[in-house]
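Spelled out from the first residue to the last, the chains are:
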Amino acid sequence: PMKKGYMAYVVIEKGKQNYNFKMEREQNVPLPFGSGTYNVILYQGNGDDFLEVERKTVDATFSSTTLALQQTVLSPGLEDVHIKQILDTEFKDWRNWSVEKRIEMVHFYITNTFQYDYEVAENPEPWYLPSAKRLVTTNQGICYDMASVTSSLLREMQVPTHVVMGYAKNIDVYHAWNEVYIDKSWKIIDTTFDLGGMSESPYKEPLDYTQVHYR
């Protein structure tokens, strides 16, 4: 049983790579580092003190495309009612579109609908997770939110998409963006950077993005 005042936290380890997040409910666990052996550790904690509850070892095998189509806490897809609502209202004809148009339409929707939340960016809560609900309700979010919703929508449209984190040219903080698979190659799109809809093309230069980590 959960101790009073505690919440559930998950740590995912693969070699020297690790990722952790706070669980709000039963949800899929991301395995973001490709094929291999993962340790998945469940903790109870209050933000300062932690108690290990359960530990499991998972062997996973992915192709680059199946990894970038999986539903996870970062790309929940139709498991999130807000993603389903966006898909059903804004992109109901997506099956008739080319891959290029699917990417362009999602890029246009994100960059012309939402604004950057500077207050949250300057004071992020511990264990921050992207939230489609928060983004849709307030019409504001940070790069993590934009990249998560972009990934969820495109994966539901059968476009392999990564959530990527690292550093970008002209952005002086840790950043999140996406890679999409089109024309047999991975291309960068950065909906946060393009907020306001002024970009002529959704695609960015790879040399402008460094210290890349996939999520």
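Residues numbered from 1 in each chain as written. Predicted model: local features only at pLDDT ≥ 70, side-chain atom pairs only at ≥ 80, totals over all residues. Heavy atoms only, no water.

Engineer: Looking at this model, I keep getting lost on the pairing of strand 8 (residues 175-182). Mind explaining?
Structural biologist: The two faces of the sheet receive side chains in turn, since in a regular strand these alternate between them. Burial of strand 8 is extensive: 7 of the 8 residues sit out of reach of the surface. As paired elements, strand 7 (residues 161-168) and strand 8 share 6 bridges and run antiparallel to each other. In the strand pairing of strand 8, G166 is matched with H175. Taking the residues that link successive antiparallel strands as the turn, the strand 7-strand 8 hairpin has 6 residues, and the phi of N170 there is positive, at about 70°. Note: strand 8 against strand 9 (residues 185-189), 5 bridges, orientation antiparallel. Along strand 9, the bridge assignment pairs N178 with I189. (Buried < 20%, exposed > 50% of the residue type's maximum accessible area, 1.4 Å probe, protein only. Helix = DSSP H or I, 4+ residues; strand = E, 2+ residues; numbered from the N terminus. Pairing = 2+ DSSP bridges.)

Engineer: For this particular structure, what's the right way to read the sheet that holds strand 1 (residues 7-14)?
Structural biologist: Two pairing modes exist for strands in a sheet, parallel and antiparallel, and in both the strands are linked by backbone hydrogen bonds. Spatially, the 4 strands line up as an open sheet ordered 2-1-3-4, and their pairing is antiparallel. In this open sheet, the two edge strands, each paired with only one partner strand, are strand 2 (17-23) and strand 4 (50-60). Between one strand axis and the next, the sheet turns by 20° as a mean value, whatever way the strands run. One ladder, built from 7 bridges, connects strand 1 with strand 2; its direction is antiparallel. Paired with I12 across the bridge in strand 2 is Y19. (Axes fitted to C-alpha atoms, helices over the stretch in contact; angles between N-to-C directions.)

Engineer: Is there a simple way to explain the layout of surface pockets in this structure?
Structural biologist: Empty pockets left among the atoms are what a rolling probe the size of a water molecule brings to light. Quantified by volume, the largest pocket comes out at close to 670 Å³. As for the largest pocket, its lining consists of 25 residues, of which Y116, I142, C143, Y174 and H175 are closest to the centre. At the level of elements, strand 2, helix 4 (118-122), helix 6 (143-156) and strand 8 are the ones that each hand at least two residues to the lining of the largest pocket. The leading source of residues in the lining of the largest pocket is helix 4, at 4 residues. Across the lining of the largest pocket, the residue classes tally to 18 nonpolar, 4 polar and 3 charged. (1 Å grid on protein atoms, 1.4 Å probe; cavity = no way out; pocket = protein on both sides within 12 Å on 5 of 7 lines; lining within 4 Å. Points joined across faces, edges and corners; volume = space filled by probe spheres on them. Nonpolar A, V, L, I, M, F, W, Y, C, P; charged D, E, K, R; others polar.)

Engineer: I'm lost on the pattern of salt bridges in this one. Help?
Structural biologist: Pairs can form between side chains of opposite charge whenever their charged atoms are close. This model, assessed by the stated rule, comprises 5 salt bridges. E52 serves as the salt-bridge partner of R55, at 3.1 Å between the closest nitrogen and oxygen. Owing to a relative accessible area of 44%, R55 belongs among the partly exposed residues under this scheme. The closest approach of N and O atoms between K56 and E54, which form a salt bridge, is 3.8 Å. Judged by relative accessible area, which is 38%, E54 ranks as partly exposed. (Salt bridge = Lys/Arg side-chain N within 4 Å of Asp/Glu carboxyl O.)

Engineer: Looking at this structure, I do not really get empty space enclosed by the protein. What am I missing?
Structural biologist: Counted according to the given criterion, the structure contains 1 cavity of 30 Å³ or more. Of the pockets and cavities examined, the largest cavity occupies roughly 90 Å³. Forming the boundary of the largest cavity are 13 residues, of which P32, L67, Q70, R155 and R215 lie nearest the centre. Broken down by class, the residue content of the lining of the largest cavity amounts to 7 nonpolar, 4 polar and 2 charged.

Engineer: Teacher, can you tell me more about the side chain of T72 here?
Structural biologist: By the element assignment, T72 lies in the loop between helix 1 (64-67) and helix 2 (81-90). Of the residues examined, T72 reaches a relative accessible area of 7% and is grouped as buried. At 3.0 Å, the side chain of T72 and the backbone nitrogen of L74 are in polar contact. Residues contacting T72, with those up to four places away along its chain left out, are N28 and P30. (Polar contact = N/O pair within 3.5 Å; in protein donor to acceptor, adjacent residues only side chain to side chain. Contact = heavy atoms within 4.5 Å.)

Engineer: When you look at the packing of aromatic side chains in this model, what are you seeing that I'm missing?
Structural biologist: Under the definition given, this model contains 11 aromatic pairs. Both rings, one in W177 and one in Y209, keep their centres 4.6 Å apart while their planes meet at 55°; by these two values the pair is tilted. Of this pair, W177 sits in strand 8 while Y209 sits in strand 11 (residues 209-214), placing them 32 residues apart in sequence. Take W177: its relative accessible area is 1%, and that puts it in the buried class. Under the relative-accessibility criterion, Y209 is labelled buried at 9%. On the numbers, 5.0 Å between centres and 55° between planes, the contact of Y181 with W186 is tilted. By relative accessible area, Y181 is classed as partly exposed at 28%. We classify W186 as partly exposed; its relative accessible area is 27%. (Phe/Tyr/Trp six-rings, centres within 6.5 Å; stacked < 30°, edge-to-face > 60°.)

Fair warning: the whole summary comes from geometry, so function is off the table for now.
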